[in-house]
Amino acid sequence: MQEVTFIINLIIFFVSAFVLCNYTIKAKQKIFERIRRNSFKIICGSTALSFILFILDIAGILDFGGYHLLSLCNTLFGVFIILFLLLKKKIPEKFEKLVNFSIRSLTVCLVLELFVFNFNSTHLFLGDYPEKTLDLSTVVTENFDLSSGNNIESGRSSIEFKGLNAPVGTVSFEAVSNKKGYVNISIDMSDDSHSASYRDGIASAEVIKGNKRSQTIPCNFSGNVHDIRFSFNTDEGEIITLTKIEINNPIMLRFSLTRFLVLFLGSLIIYLLAMSEFSKRSYDENRRYVKAAVWIFTVALVIPALILANTLRYTDENHSIKKDFKSESGNQITQEIVDAFAHGKTSLDIEMNEALEALENPYDGSQREVGEIGSYPWDHLYFNGKYYSYYGIGPVLTLFLPYYLITGYYFPSIWAIFLFGFIGIIFLTKFYLCFIEKFFKKINSSLVLMGCVIMQLSSGIWFCFNYPNFYEIAQTSGFVCITVGAYFMMSSNVIGDGKIKNWRLAMSTAFLSLAVLCRPTTAVYCIAALLLIFAGFKKKRELQSETKKSKGKYYLPYFMCALIPFVAIGSIQVIYNYVRFKNPLDFGIQYSLTINDFTSSQFHTHFAAIGFFEYLFVIPKFQENFPFLVSGDLQTFAPQGYYFIATTSAIGLIWKALPILSYGKFRRAYRLSENKNKKLYTLIILAVCIACPFAIIASIWESGYGSRYCVDFAWQIIIGALVIAFIVYQNCMKNTREHLKKLMVLSMVICVILNFGQTYEWISPKTALSQSWQAGALSFARVFEFWR
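Residues numbered from 1 in each chain as written. Predicted model: local features only at pLDDT ≥ 70, side-chain atom pairs only at ≥ 80, totals over all residues. Heavy atoms only, no water.

Undergrad: Just to check I follow, could you spell out the overall build of the protein for this structure?
TA: Within the protein, the secondary structure is distributed over 26 helices and 15 strands. In terms of overall dimensions, the protein has a C-alpha envelope of 95 × 75 × 50 Å along the principal axes. A burial count over the protein gives 53% of its 788 residues as buried. By sequence separation, contacts in the protein at least 24 residues apart represent 78% of the contacts at least 6 residues apart. As displayed, the protein has an accessible area near 36400 Å², and 61% of this comes from carbon and sulfur atoms. Of the side-chain charges in the protein, 73 are positive and 59 negative, and the distance between the mean point of each set is 21 Å. (Helix = DSSP H or I, 4+ residues; strand = E, 2+ residues; numbered from the N terminus. Buried < 20%, exposed > 50% of the residue type's maximum accessible area, 1.4 Å probe, protein only. Contact = heavy atoms within 4.5 Å. Areas by Shrake-Rupley, 256 points an atom, 1.4 Å probe, with all protein chains shown as cover. Lys, Arg positive; Asp, Glu negative; His and termini not counted. Charge placed at Lys NZ, Arg CZ, Asp CG, Glu CD.)

What follows is the structure in structure tokens.
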């Protein structure tokens with residue numbers, strides 16, 4: 001009977017869907033026109049029939065099996081169609097195409113949601129599968145004590161049901177762990193096709209806490225199952241409580257609103273960007289709407305930023321905002337440098353390890369290990385009998401020290417990283433919009449939006465939020481200073497049209513200088529900024545004839561605003577270096593007590609090449625589990641020497657941001673550009689978007705590969721590629737532009753999928769989250785692993 005009721009519901013749904021889509025497509029054949037004329041009657045009839053089936057379903061008169069309440073879905077769908085038919089004529093003509101597409105998309109999404117993503121609800125239709133609760137008191141056990149309340153406590157345990165001799169279509173478990181948000185169960189069985197021994201690990205279950213759907217798994221066994229065994233593995237201190245095991249419970253229809261909205265809203269966004277009237281107009285024509293969309297997207301990024309920032313925070317059961325901001329301890333940046341500065345010192349107030357001092361070479365990790373010197377401050381600098389910090393003093397001077405002096409507490413790392421990161425995200429958007437306003441007002445609206453999405457998602461900042469350590473503080477503070485500096489540099493009008501604004505130029509060079517105090521690696525951007533300062537000087541020289549000021553009065557304020565911040569803020573770092581190491585240009589990294597002896601390590605081209613491959617070219621890998629497309633295999637190409645790998649997460653930037661391939665068209669873009677300063681601007685792009693990022697990648701060889709390092713150079717590479725892509729696009733034929741726009745849409749979709757996949761994998765949901773967050777992350781994954 002289940003099969004019959006399902007087929008009736010299936011026919012009703014597809015009849016309704018056909019009538020609805022036919023009404024939006026408006027095919028001219030007579031049969032389709034006749035159906036359109038009778039649409040209202042057909043839908044009213046199908047909706048009435050669905051409602052009757054719904055009454056019979058909830059009354060228990062008819063058996064719908066796993067597709068219980070499908071008739072309710074059909075009824076609601078029918079009501080929706082009736083309302084659409086009644087209100088169709090009131091829809092303004094300019095929205096008609098969008099509404100028609102939305103209707104067709106909604107219909108397709110419903111088909112996928114009800115009949116594809118829930119296909120396991122039909123799993124028991126084609127056989128006789130009697131429901132049964134297995135009696136735990138009759139099992140054969142291994143390391144499983146029934147007298148302890150069905151608790152599994154000791155390593156690997158199993159329970160075995162002999163002589164079951166029944167068909168098994170599904171298995172359901174009620175099991176919960178005291179330490180994890182999930183319980184893994186391995187299933188061995190023998191059936192009619194393999195009766196003499198077990199097929200080991202033939203099926204598995206992952207029961208997620210609070211997720212009822214995960215308790216039941218489909219089984220594709222043959223004939224009767226003779227014996228079946230369930231195995232569990234527990235960690236140290238973990239207790240799994242097994243309450244019940246049942247077989248042949250139907251997998252019930254589960255309409256996932258999350259999954260439905262991802263598909264439906266995703267399809268609408270793609271339509272708006274690729275085929276709508278909005279997508280056919282330029283940024284200049286759609287300025288207000290494009291800016292609104294860009295800022296809505298940017299502000300919405302606070303959600304994933306907050307989620308990532310709290311992933312480890314929630315592992316502390318006693319977490320609270322009050323506790324965070326009344327911290328009495330911190331890390332190397334938030335406490336140790338703060339304490340040193342508060343006491344008027346540059347060395348850190350850490351007790352010296354005498355055994356470390358006695359070593360012939362304290363920077364040699366093998367000597368520290370063999371010498372058994374005990375504890376010492378890892379990743380600190382050791383010089384002349386004192387400990388120092390390599391990591392930047394920028395965030396200390398601007399945030400951590402003032403907070404400590406005012407409150408007496410240490411500012412929490414997690415919220416500092418979030419603050420730096422999100423302010424950086426905001427200013428990256430401001431920089432991008434300023435860049436578009438200045439050079440690409442006539443570019444297509446969709447391209448502007450998609451360029452922003454690709455740049456923000458691929459910036460690398462997402463690898464910094466979830467680990468609140470001093471490494472991430474240095475990188476996020478450097479990120480925010482570079483983005484703020486880039487925005488003020490662009491808005492100062494040293495390039496492009498508009499009067500040069502000296503105060504903005506001063507703000508730019510101040511923040512670029514401050515970036516070096518946060519993260520010394522970013523000093524390359526200060527050097528590149530000199531090109532932009534020169535561009536501003538060249539622009540002022542061309543306009544000099546329009547002023548009556550002397551050359552001194554005309555140029556002096558400009559150069560003072562451009563260079564004094566470099567000198568003033570840079571001198572802080574120079575003095576800091578000199579006081580510590582008697583060398584104004586020595587940042588001290590070679591004195592690190594870390595993974596390698598930096599005083600002896602040598603540069604090798606192979607090591608630098610590894611960084612280029614990992615950051616730019618690693619191909620993503622497909623896996624059967626969510627998020628499906630994840631980091632590719634890290635390759636070091638037999639380095640024949642010591643190369644440190646901090647993290648193994650890697651997807652090449654050219655895959656996450658496909659417009660980077662536009663660099664291949666730089667010569668054509670140069671020829672097509674009509675900008676009178678194109679030679680200088682080309683040099684600026686070469687310096688900022690290629691030379692500086694490449695210099696940073698090459699310098700990473702010493703510290704080894706780490707995913708988060710791309711925050712120092714990723715968005716800079718992308719913005720240079722977008723310049724080339726936009727110039728080429730503007731000078732293409734109309735037909736080619738349409739193809740390029742759709743290619744950009746595809747690039748954006750790939751960008752979203754790959755960056756989400758790598759970030760999800762990066763946070764390690766099964767190992768690095770609290771129990772409740774584990775369960776939440778795995779439940780979200782299960783929404784898309786619909787076959788499990």
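Undergrad: How should the pairing of strand S6 (residues 170–177) be read in this particular structure?
TA: Consecutive residues of a regular strand have side chains that alternate between opposite faces of the sheet. Within S6, six of the eight residues are buried, leaving the element largely enclosed by the surrounding structure. Bridging between S6 and strand S9 (residues 216–218) involves three bridges; their strand directions are antiparallel. Within the sheet, the bridge partner assigned to valine 171 lies in S9 and is isoleucine 217. Sheet topology note: the S6/strand S11 (residues 240–247) ladder contains seven bridges and is antiparallel. Looking at S11, one finds that valine 171 is bridged to isoleucine 247. (Pairing = 2+ DSSP bridges.)

Undergrad: Help me understand unusual backbone geometry, please; the structure alone is not making it clear to me.
TA: In terms of backbone geometry, most residues other than glycine have negative phi values and most peptide bonds are trans. Cis rather than trans, the peptide bond between phenylalanine 626 and proline 627 has omega equal to 10°. Note that proline 627 resides in the loop between strand S14 (621–622) and strand S15 (629–630). Even without glycine at this site, leucine 69 takes up a positive phi of about 75°. Its place among the elements puts leucine 69 in the loop between helix H3 (39–58) and helix H4 (70–87). For leucine 69, a relative accessible area of 30% gives the class partly exposed.

Undergrad: Before we go on, may I ask you to explain a nonpolar patch on the surface in this structure?
TA: Taken together, the side chains of Phe40, Val79, Leu83, Leu86 and Leu87 define a hydrophobic patch exposed on the protein surface, amounting to about 450 Å² of accessible area. Considering every element that reaches the nonpolar patch, the biggest residue donor is H4, with four residues. By the secondary structure assignment, leucine 87 is in helix H4. (Patch = residues over 30% accessible without salt bridge, like charges linked within 9 Å, V, L, I, M, F, W, Y side chains within 5 Å. Salt bridge = Lys/Arg side-chain N within 4 Å of Asp/Glu carboxyl O.)

Undergrad: Can you walk me through the pattern of salt bridges in this structure?
TA: When their charged atoms lie close together, side chains carrying opposite charge are able to pair. Under the criterion given, the structure shown has 26 salt bridges. Measuring nitrogen to oxygen at the nearest pair gives 3.6 Å for the salt bridge that ties lysine 88 to glutamate 96. Under the relative-accessibility criterion, lysine 88 is labelled buried at 11%. Residues aspartate 284 and lysine 442 are paired through a salt bridge, measuring 3.3 Å at the closest nitrogen-oxygen approach. One end of the pair, aspartate 284, is in the loop between helix H6 (257–274) and helix H7 (287–300); the other, lysine 442, is in the loop between helix H14 (413–439) and helix H15 (445–457), with 158 residues separating them in the sequence.

Undergrad: For this particular structure, what's the right way to read the packing of aromatic side chains?
TA: The geometry of an aromatic ring pair is captured by two quantities: the separation of the ring centres and the angle between the planes. Applying the stated criterion across every chain, the model contains 73 aromatic pairs. Note on phenylalanine 418 and phenylalanine 422: the rings are 6.0 Å apart at their centroids and 5° apart in plane angle, and the pair reads as stacked. A residue pair is termed a helical-turn pair when its members lie 3 or 4 positions apart in one helix, as phenylalanine 418 and phenylalanine 422 do in helix H14 at four residues. Each of the two residues, phenylalanine 418 as well as phenylalanine 422, counts as buried. On the basis of an interplanar angle of 80° and a centroid distance of 5.7 Å, the ring pair of phenylalanine 626 and phenylalanine 780 is categorised as edge-to-face. Here phenylalanine 780 lies in helix H26 (residues 771–784) and phenylalanine 626 lies in the loop between S14 and S15, a separation of 154 residues in the sequence. Owing to a relative accessible area of 10%, phenylalanine 626 belongs among the buried residues under this scheme. (Phe/Tyr/Trp six-rings, centres within 6.5 Å; stacked < 30°, edge-to-face > 60°.)

Undergrad: I keep staring at the environment of leucine 261 and nothing clicks. Help me out?
TA: Inspection of the secondary structure puts leucine 261 in helix H6. Judged by its relative accessible area of 34%, leucine 261 is partly exposed. Separated by 374 residues in sequence, leucine 261 and glutamine 635 place their C-alpha atoms 38 Å apart.

Undergrad: How should I be thinking about helix H24 (residues 714–730) in this particular structure?
TA: For an α-helix, the turn length of 3.6 residues means that residues three or four places apart are oriented alike. Taking 1.5 Å per residue, 17 residues should reach 24 Å; H24 reaches 25 Å between its end C-alpha atoms and fits that length. Counting buried positions over the 17 residues of H24 gives 16, a clear majority of the element. (Expected span 1.5 Å × (residues − 1).)

Undergrad: Can you walk me through the packing of helix H18 (residues 523–542) against helix H23 (residues 678–699) in this structure?
TA: Any two packed helices are characterised by the angle at which their axes cross and by the distance between the axes. With their axes 9 Å apart at the nearest point, H18 and H23 run at an angle of 175° to one another. As far as their axial angle goes, H23 and H18 are roughly antiparallel. Here H18 contributes Val524, Tyr525, Ala528, Leu531, Leu532, Phe534, Ala535 and Lys538 to the contact with H23, which in turn contributes Leu680, Leu683, Ile684, Ala687, Val688, Cys692, Pro693, Ala695 and Ile696. (Axes fitted to C-alpha atoms, helices over the stretch in contact; angles between N-to-C directions. Parallel < 35°, antiparallel > 145°, perpendicular 65-115°, else oblique.)

Undergrad: Would you explain the side chain of glutamine 573 in this entry?
TA: Tracing the sequence through the fold places glutamine 573 in helix H19 (residues 551–581). A relative accessible area of 6% places glutamine 573 in the buried class. Other than its neighbours up to four places away in sequence, glutamine 573 contacts Ile393, Val516, Leu517, Arg580 and Phe587.

Undergrad: Is there a simple way to explain the nonpolar core in this structure?
TA: A general tendency of soluble globular proteins is for nonpolar side chains to be buried together. By size, the foremost hydrophobic cluster in this structure holds 158 residues, and its most contacted members are Phe400, Tyr432, Phe465, Ile660 and Phe713. Broken down by element, the residue count for this core peaks at 16 residues, all from H14. Discounting chain neighbours no more than four positions away, the residues touching phenylalanine 400 are Ile333, Thr334, Val338, Pro395, Phe411, Ala416, Phe420 and Ile473. (Core = buried A, V, L, I, M, F, W, Y, C linked by side-chain atoms within 4.5 Å.)

Undergrad: Looking at this model, I keep getting lost on the side chain of serine 256. Mind explaining?
TA: As for its position among the elements, serine 256 is in the loop between S11 and H6. Judged by its relative accessible area of 5%, serine 256 falls in the buried class. For serine 256, the side chain forms a polar contact with the main-chain nitrogen of arginine 259, separated by 3.1 Å. (Polar contact = N/O pair within 3.5 Å; in protein donor to acceptor, adjacent residues only side chain to side chain.)

Undergrad: What am I meant to see in the packing of helix H1 (residues 2–25) against H4 here?
TA: Packing of H1 against H4 brings their axes to within 10 Å, and their N-to-C directions diverge by 20°. On the basis of the axis angle, H1 is roughly parallel to H4. The interaxial crossing formed by H1 with H4 has left-handed handedness. The residues of H4 that touch H1, namely those facing Phe6, Asn9, Ile12, Phe13, Ser16, Ala17, Leu20, Tyr23 and Thr24, are Leu70, Ser71, Asn74, Phe77, Phe80, Ile81, Phe84 and Leu85. (Left-handed = near helix turned anticlockwise from the far one by under 90°.)

Undergrad: I would appreciate a short explanation of empty space enclosed by the protein in the present structure.
TA: Left-over empty space is what a probe sized like a water molecule reveals as it rolls over the atoms. Inspection of every chain in the model, using the stated rule, returns three cavities of 30 Å³ or more. Its volume calculated, the largest cavity comes out at about 130 Å³. Taken together, 13 residues make up the lining of the largest cavity; nearest its centre are Phe117, Arg213, Arg254, Arg259 and Phe786. Looking at the second largest cavity, the residues that line it are Phe463, Glu614, Tyr615, Ser649, Ile651, Leu653, Lys656, Tyr705, Ser707, Cys710, Phe713 and Gln758. Residues of the lining of the second largest cavity, tallied by class, amount to seven nonpolar, three polar and two charged. (1 Å grid on protein atoms, 1.4 Å probe; cavity = no way out; pocket = protein on both sides within 12 Å on 5 of 7 lines; lining within 4 Å. Points joined across faces, edges and corners; volume = space filled by probe spheres on them. Nonpolar A, V, L, I, M, F, W, Y, C, P; charged D, E, K, R; others polar.)

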